[in-house]
Structures are given as structure tokens and as C-alpha cells.
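# Per-entry structural report
If you want the building blocks of each chain, they are given just below.
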Amino acid sequence: QVHLVESGGGLVQAGDSLRLYCAASGQTFITYAMAWFRQAPGKEREFVAAISWTGGTTNYLDSVKGRFTISRDNVQKMVYLDMTNLKPEDTAIYYCAASPLGSTTEPDSYTWGSWGQGTQVTVSS
């Protein structure tokens with residue numbers, strides 16, 4: 001089991017960049033796959049990006065490909081989401097998630113058993 005805490009959210013303008021942070025605790029973090037999801041008001045939670053435990057495999061929501069990059073630092077127990085060219089439709093609460101299935105990058109939320117509390121990202125037009 002890992003404990004996750006997100007940070008880095010904020011209010012930005014369309015076209016701006018933002019980096020989200022996910023700090024993990026737990027000795028088994030290095031074996032976990034990690035992901036970012038988001039949920040906009042009135043909408044279902046949506047997969048954004050995932051990265052395998054080695055960092056060698058990533059997966060992205062089509063609408064963020066080329067704009068968002070997920071990465072991880074297994075020594076610091078951190079996961080990052082670098083977001084560029086932000087759009088108003090990216091506005092949501094962003095959640096960090098972890099799965100003990102280290103090689104997975106599946107977008108199905110049921111794959112991910114540990115969740116953070118979320119960080120708000122608001123993109124104004």
C-alpha cells in the first residue's frame with residue numbers, strides 16, 4: 001500500500017504550462033505503476049496518463065498526447081505530470097493513483113487501488 005499526496009495545481013491561462021507533483025510514501029513504491037486521472041464538475045473520472053514501475057512504458061489519453069508528460073523518480077518517490085499548452089477543457093481535479101501491478105498502464109480506474117486527495121487545476125480562456 002502506498003500513500004499519495006498531490007500538489008502543484010492552480011489557476012492558469014490557456015496556453016500556459018503547469019507541473020503537478022505526487023509524493024508517495026511506502027517502501028514498495030518502486031514496484032508500483034503510477035497514473036494520473038482527472039474529474040471535471042459533473043463528469044466521470046477520466047484517465048489522463050500512466051507510467052510503469054520502470055518508467056519504460058507510458059500511456060496517455062488521446063486529447064493530452066503531445067501536451068502532457070508523465071514521469072517518475074523512484075529514488076525520491078515522486079511522480080510528475082508536466083502539462084503544456086493547457087486548455088480550458090483541462091480544468092479538473094487531478095488525482096494521482098497507484099497500482100501494485102507494476103507493468104500496467106491500463107486506463108481502467110479499477111486497476112488503480114490507491115488514490116490521493118486531488119489537486120485542482122483551473123484553466124481560464
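Residues numbered from 1 in each chain as written. Predicted model: local features only at pLDDT ≥ 70, side-chain atom pairs only at ≥ 80, totals over all residues. Heavy atoms only, no water.

## Some points on the sheet that holds strand 7 (residues 68–73)
- Overall, antiparallel pairing links the 4 strands, which are arranged 1-3-8-7 in an open sheet. Bordering the open sheet on either side are strand 1 (3–7) and strand 7, each of which pairs with just one other strand. With strand direction ignored, the average angle separating the axes of adjacent strands in the sheet is 15°.
- As paired elements, strand 3 (residues 18–25) and strand 8 (residues 78–83) share 6 bridges and run antiparallel to each other. Across the sheet, A23 pairs through a bridge with M78, a residue of strand 8. (Pairing = 2+ DSSP bridges. Helix = DSSP H or I, 4+ residues; strand = E, 2+ residues; numbered from the N terminus. Axes fitted to C-alpha atoms, helices over the stretch in contact; angles between N-to-C directions.)

## Some points on the pairing of strand 8
- Across the 6 residues of strand 8, 5 count as buried, placing the element largely inside the fold.
- The turn joining strand 7 and strand 8, which pair antiparallel and follow one another in sequence, is formed by 4 residues; a positive phi near 60° is taken by K77. (Buried < 20%, exposed > 50% of the residue type's maximum accessible area, 1.4 Å probe, protein only.)

## Examining the side chain of T104
- Of note, T104 is situated in the loop between strand 9 (92–99) and strand 10 (114–115).
- Among the polar contacts made by the side chain of T104, one reaches the main-chain amide nitrogen of E106 at a distance of 3.2 Å.
- Residue contacts for T104: discarding those within four places in its chain leaves A33, I51, S52, S99, T111 and W112. (Polar contact = N/O pair within 3.5 Å; in protein donor to acceptor, adjacent residues only side chain to side chain. Contact = heavy atoms within 4.5 Å.)

## Focus: the packing of aromatic side chains
- Considering all chains together, one arrives at 4 aromatic pairs under this definition.
- Seen in terms of ring centroids, Y21 and Y80 are 5.8 Å apart; in terms of plane orientation they differ by 80°. Their pairing is edge-to-face. Taken as a pair, Y21 in strand 3 and Y80 in strand 8 lie far apart in primary sequence, 59 residues in all.
- One cation-aromatic arrangement involves R72 over F29; the distance from NZ or CZ to the ring centre is 4.8 Å. (Phe/Tyr/Trp six-rings, centres within 6.5 Å; stacked < 30°, edge-to-face > 60°. Lys NZ or Arg CZ within 6 Å of the ring centre and 35° of its normal.)

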